[in-house]
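# Understanding the architecture of this molecule
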Amino acid sequence: MADTDGIKEAKNFYTDRPQETEGFFLKGSNSLDWGIKNRLARIFNPVSGRTVMLAIDHGYFQGPTTGLERVDINILPLMPYADTLMLTRGILRSVVPPSTSRSIVLRVSGGASILKELSNEDIAVDIEESIRLNVCAMAVQVFIGGEYEKQSIINMTRMVDIGNRYGIPTLAVTAVGKDMARDAKYFQLACRICAELGAHYIKTYYVEKDFDTVTASCPVPIVMAGGKKIPELDALTMAYNAVQQGASGVDMGRNIFQSDAPVAMIQAVRAVVHDNMTPAAALDLYNTLKGRG
Ligand code: R5P
């Protein structure tokens, strides 16, 4: 067991000095195989180096949540503005037209519901399904500090091993238990564990204080999780701060599809992520697009 006595608190994250990336545009990804790089380049825009992922996988543990009652009606109109859709194979096969050119990140962990302990997940999709569905990454929930922490970490490492065999990246999604502190120290821990154990990129929450230390200490790309619905300006500000502090984009759900004007909101988020538009200008864009109906 590692000696945890005497761990020093003072750390230097060199937040003003981005990690060097040789050859391939994505942080920490240069030594990956061609197929994995090619799939990542379909998720992350090679020009901006960032992504707008639209997360609509909520139903896998919470059923038809607000805004996702009818994916065909509410979500398909948003697809042209997303770089990537994050969803389950059930929704992909039943609702999403196979003619889409959007990249797909497939939710592959599952087995828990909001009625029981959420961290009690397993791998719920065979690798052959990911290959058959031509997905660009597989998403696994990781519950650092959760009741089934080890099980969820091993779910993730298994998918990294299998995905590496077939050239499919793994996205580790850091889930936070209700009673846990959501601070930079926790997310440094969670993201670094996922990266050290092989995740190709990581979805994690934004924190007001020291988010740049979370991105700096994670050697692979981080995408910001959206979280519960907040006012549009706040969501745009959070996305702006996250990318300015080193996130390689966002993976947002409710703050887009629960907005009063989801098509306008996703375009405003795109402007923040890909064009560095300020939150105030992005809110103007949102209101203008909303006004056009
Ligand atoms: C669970 O934690 C999932 O990843 C969610 O279903 C989803 O991706 C969360 O998106 P948001 O918090 O932006 O609604």
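Computed from a predicted structure; not experimentally measured.

### Notes on the sheet that holds strand 10 (residues 249–252)
- Strand order around the closed barrel formed by eight strands is 1-2-3-6-7-8-9-10, with parallel pairing between neighbours. Strand after strand, the sheet turns through a mean of 25° between neighbouring axes, direction not considered.
- Contacts from helix 11 (residues 262–275) reach strand 1 (51–55) and strand 10 within the one sheet, and its direction differs from that of strand 1 by about 145°.

### Details of unusual backbone geometry
- In this structure, tyrosine 14 takes a positive phi of about 45° despite not being glycine.
- With a phi angle near 60°, asparagine 134 is a residue other than glycine that sits in the positive phi range.
- Here asparagine 134 is to be found in the loop between helix 5 (127–132) and strand 6 (137–142).

### Brief notes about the site of the ligand
- His58, Gln141, Lys203, Gly253 and Arg254 are the nearest of the 15 residues found near the ligand.
- Expressed as a share of its isolated accessible area of 370 Å², the protein-covered part of the ligand is 94%.
- Mapping the ligand onto the cavity grids shows that it belongs to the largest pocket.
- In the shell around the ligand, the residues fall into five nonpolar, five polar and five charged.

### Remarks on the nonpolar core
- Of all hydrophobic cores here, the largest spans 72 residues; its most connected members are Leu54, Ile56, Ile202 and Val269.
- Those residues in contact with leucine 54 that sit more than four places away from it in its chain are Ile75, Leu78, Ala82, Thr84, Leu85, Met86, Asp251, Met252, Ile256 and Ile266.
- Among the nonpolar cores identified, the runner-up in size contains 17 residues, and Leu26, Ala55, Met86 and Val173 belong to it.

### Quick word on the layout of surface pockets
- Its volume calculated, the largest pocket comes out at about 1200 Å³.
- Lining the largest pocket are 44 residues, and of these Ala175, Val176, Arg182, Tyr205 and Arg254 sit closest to its centre.
- Counting only elements with at least two residues in the lining of the largest pocket, the list comes to helix 2 (59–62), strand 7 (170–174) and helix 7 (184–196).
- Tallied by class, residues from the lining of the largest pocket come to 18 nonpolar, ten polar and 16 charged.
- Considering only enclosed or pocket space, the second largest pocket measures out at about 530 Å³ in volume.
- Looking at the second largest pocket, it is lined by 23 residues, and the ones nearest its centre are Pro18, Gln19, Lys27, Gly246 and Ser248.
- For the lining of the second largest pocket, the secondary-structure elements that each account for two or more residues are helix 8 (211–216) and helix 9 (232–244).
- Here the element with the most residues in the lining of the second largest pocket is helix 8; it accounts for three residues.
- Of the residues assigned to the lining of the second largest pocket, the class counts are eight nonpolar, ten polar and five charged.

### Considerations on the packing of aromatic side chains
- Tallying each qualifying case throughout the model produces six aromatic pairs.
- Where phenylalanine 24 meets phenylalanine 25, the ring centres are 4.8 Å apart and the plane angle is 50°; that geometry is what we call tilted.
- Residue classification places phenylalanine 24 among the buried positions, given a relative accessible area of 13%.
- Its relative accessible area of 27% is what places phenylalanine 25 among the partly exposed residues.
- Relative to phenylalanine 61, the ring of tyrosine 60 has its centre 5.1 Å away and its plane inclined at 70°; by these criteria the two rings are edge-to-face.

### Here we look at the pairing of strand 3 (residues 103–107)
- With five of its five residues buried, strand 3 lies for the most part within the structure.
- In the sheet, strand 2 (residues 84–87) pairs with strand 3 via four bridges, with the strands oriented parallel. Across the sheet, the residue bridging to leucine 87 is leucine 106, located in strand 3.
- For the crossover that starts at strand 2, traverses helix 4 (residues 89–95) and ends in the parallel strand 3, the hand is right-handed.
- Where strand 3 lies against strand 6, three bridges are found, and the strand directions are parallel. For leucine 106, the partnering residue across the bridge sits in strand 6 and is methionine 138.

The rules behind the values
Residues numbered from 1 in each chain as written. Predicted model: local features only at pLDDT ≥ 70, side-chain atom pairs only at ≥ 80, totals over all residues. Heavy atoms only, no water. Pairing = 2+ DSSP bridges. Helix = DSSP H or I, 4+ residues; strand = E, 2+ residues; numbered from the N terminus. Axes fitted to C-alpha atoms, helices over the stretch in contact; angles between N-to-C directions. Contact = heavy atoms within 4.5 Å. Near = heavy atom within 4 Å. Areas by Shrake-Rupley, 256 points an atom, 1.4 Å probe, with all protein chains shown as cover. 1 Å grid on protein atoms, 1.4 Å probe; cavity = no way out; pocket = protein on both sides within 12 Å on 5 of 7 lines; lining within 4 Å. Sits in = over half its atoms within 2 Å of the grid points. Nonpolar A, V, L, I, M, F, W, Y, C, P; charged D, E, K, R; others polar. Core = buried A, V, L, I, M, F, W, Y, C linked by side-chain atoms within 4.5 Å. Buried < 20%, exposed > 50% of the residue type's maximum accessible area, 1.4 Å probe, protein only. Points joined across faces, edges and corners; volume = space filled by probe spheres on them. Phe/Tyr/Trp six-rings, centres within 6.5 Å; stacked < 30°, edge-to-face > 60°. Right-handed = clockwise from strand over helix to strand, strands pointing away.

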